[in-house]
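Working through the structure, step by step
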Amino acid sequence: MKDLINELIKISKEAGKEILDVYNSHISVEYKEDKTPLTEADKRSHQVITDRLEKISSYPVLSEEGKDIPYNERKNWEYFWMVDPLDGTKEFIKRNGEFTVNIALIHKNRPVLGVVYAPAIDTLYYGGKDIGAYKINNNETVDLNSIKPSEEVPKRITVVASKSHLNEETKEFIKMLENFYENVETTSIGSSLKICLLAEKKADIYPRIAPTMEWDTAAAHAVLNAAGGRIIRYEKIQNLQDLKDLPEIEYNKENLLNPYFVAIRSDVF
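Residues numbered from 1 in each chain as written. Predicted model: local features only at pLDDT ≥ 70, side-chain atom pairs only at ≥ 80, totals over all residues. Heavy atoms only, no water.

**A closer look at the pattern of salt bridges**
Inspection of every chain in the model, using the stated rule, returns 15 salt bridges. Where Glu200 meets Lys202, a salt bridge forms, and the shortest distance between an N and an O atom there is 3.4 Å. Using a relative accessible area of 8% as the deciding quantity, one classes Glu200 as buried. Residue classification places Lys202 among the exposed residues on the basis of a relative accessible area of 51%. Via salt bridges that share partners, Glu18, Asp21 and Arg44 belong to a single interconnected network. (Salt bridge = Lys/Arg side-chain N within 4 Å of Asp/Glu carboxyl O. Buried < 20%, exposed > 50% of the residue type's maximum accessible area, 1.4 Å probe, protein only.)

**Examining the packing of helix H1 (residues 2–23) against helix H2 (residues 40–56)**
Between H1 and H2, the shortest axis-to-axis distance is 8 Å and the interhelical angle comes to 155°. One element, H1, and the other, H2, form an angle in the roughly antiparallel class. In this structure, H1 crosses over H2, and the sense of that crossing is right-handed. Of H2, the residues touching H1 (which contributes Leu4, Glu7, Leu8, Ile11, Glu14, Ala15, Glu18, Ile19, Asp21 and Val22) are Glu40, Ala41, Arg44, Ser45, Val48, Ile49, Arg52, Leu53 and Ile56. Looking at the contact of H1 with H2 residue by residue, the class counts come to eleven nonpolar, one polar and seven charged. (Axes fitted to C-alpha atoms, helices over the stretch in contact; angles between N-to-C directions. Helix = DSSP H or I, 4+ residues; strand = E, 2+ residues; numbered from the N terminus. Parallel < 35°, antiparallel > 145°, perpendicular 65-115°, else oblique. Left-handed = near helix turned anticlockwise from the far one by under 90°. Contact = heavy atoms within 4.5 Å. Nonpolar A, V, L, I, M, F, W, Y, C, P; charged D, E, K, R; others polar.)

**Re the sheet that holds strand S7 (residues 123–128)**
With mixed pairing, seven strands are arranged side by side in an open sheet as S3-S4-S5-S6-S7-S8-S9. The open sheet is flanked by strand S3 (61–63) and strand S9 (140–143), the only strands paired with a single partner. Averaged over all neighbouring strand pairs, the angle between strand axes comes to 15°, with direction disregarded. Packed onto the sheet, H1 meets strand S4 (79–87), strand S5 (100–107), strand S6 (110–118), S7 and strand S8 (132–137) and runs at close to 40° relative to S6. Across the sheet, helix H7 (residues 214–226) is in contact with S4, S5, S6, S7 and S8; its angle to S6 comes to roughly 100°. (Pairing = 2+ DSSP bridges.)

**Overview of unusual backbone geometry**
In this model, Asp122 sits at a positive phi of 45°, which is unusual for a non-glycine residue. Checked against the element boundaries, Asp122 lands in the loop between S6 and S7. Residues other than glycine seldom take positive phi values, yet Ser191 does so here, at roughly 60°. The residue Ser191 is located in the loop between strand S11 (183–187) and helix H6 (193–199) in this model. Given the relative accessible area of 9%, Ser191 is considered buried.

**As for H7**
Taking 1.5 Å per residue as the helical rise, H7 with its 13 residues ought to reach 18 Å, and the 18 Å between its terminal C-alpha atoms agrees with that figure. Remark: the principal bend of H7, roughly 30°, maps to Ala220. With respect to burial, H7 is a largely interior element, eleven of its 13 residues being buried. Residues Glu214, Trp215, Thr217, Ala218, Ala219, Ala220, His221, Ala222, Val223, Leu224 and Ala226 constitute the buried set of H7. At the C-terminal side of H7, Gly228 shows a positive phi close to 90°. (Expected span 1.5 Å × (residues − 1). Bend = angle between axes of the 7 residues up to and from the residue.)

**Here's the deal with the side chain of Thr212**
Examined against the element boundaries, Thr212 turns out to sit in the loop between strand S12 (205–208) and H7. Ignoring sequence-local partners within four residues, the contact set of Thr212 consists of Thr217, Leu257, Asn258 and Phe261.

**A look at the pairing of S8**
Bridge analysis of S7 against S8 gives six bridges, and the strand direction is antiparallel. Across the sheet, Leu124 pairs through a bridge with Ile136, a residue of S8. Here S7 folds back onto S8, and the loop between the two strands holds three residues, one of which, Asp130, carries a positive phi near 70°. Here four bridges tie S8 to S9, and the two strands are oriented antiparallel to one another. By the bridge assignment for S9, Lys135 is matched with Val142.

This is how it looks when you write it as structure tokens:
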């Protein structure tokens, strides 16, 4: 795992360079059949990542930009790479820096290794089974498990709320939290960085009661797991404690759409 992490860091940074090359020039946008935007940066990052992954392992690759692999073929994969070459394409187009490269290793429907790299701010998160969770920024590595949660919890809780997906169900979830906490604050950031905020203990809970795909969450899910958090299938609840017994989301389903979920740090329960 440690050897793979070093390779994944190199690959994600190489992909990040390709993305920034486009980011710092003219950005032309086309749209896929599902109306989501696609740029030259998405394509170039995908090519770099898939080429490099094929050189470091024999595991198959399932990427957002190369996802048309029949379920009958991939359902028997024991290990595979789940890749989002550019998560947060809308943020990329807006040039707000909140976009990421995401590479995860999936083992039997669970993310066991993940790298999330935000090239515009040169910040990288990585984590995995038996290796812990870390953040690298300005060439400084921080062990995310060494960061202590705020002493104000449980009086205060910080909720990550998506800027573009703050629907009524999410508002109801936040209102439920207000019944148990004296102060419920909200914060927002683009792409998979939302989940990384929890791993870094800068936020406590992230309800995503809106559509996402497996590649949107896999890498950050691995980081959050390694930092002592979970991504749980969403159900309407009356109390935060009700989340404890709900299952985590899984990967490599026949339909690659994620169920609605709640990402949460385990020490919040």
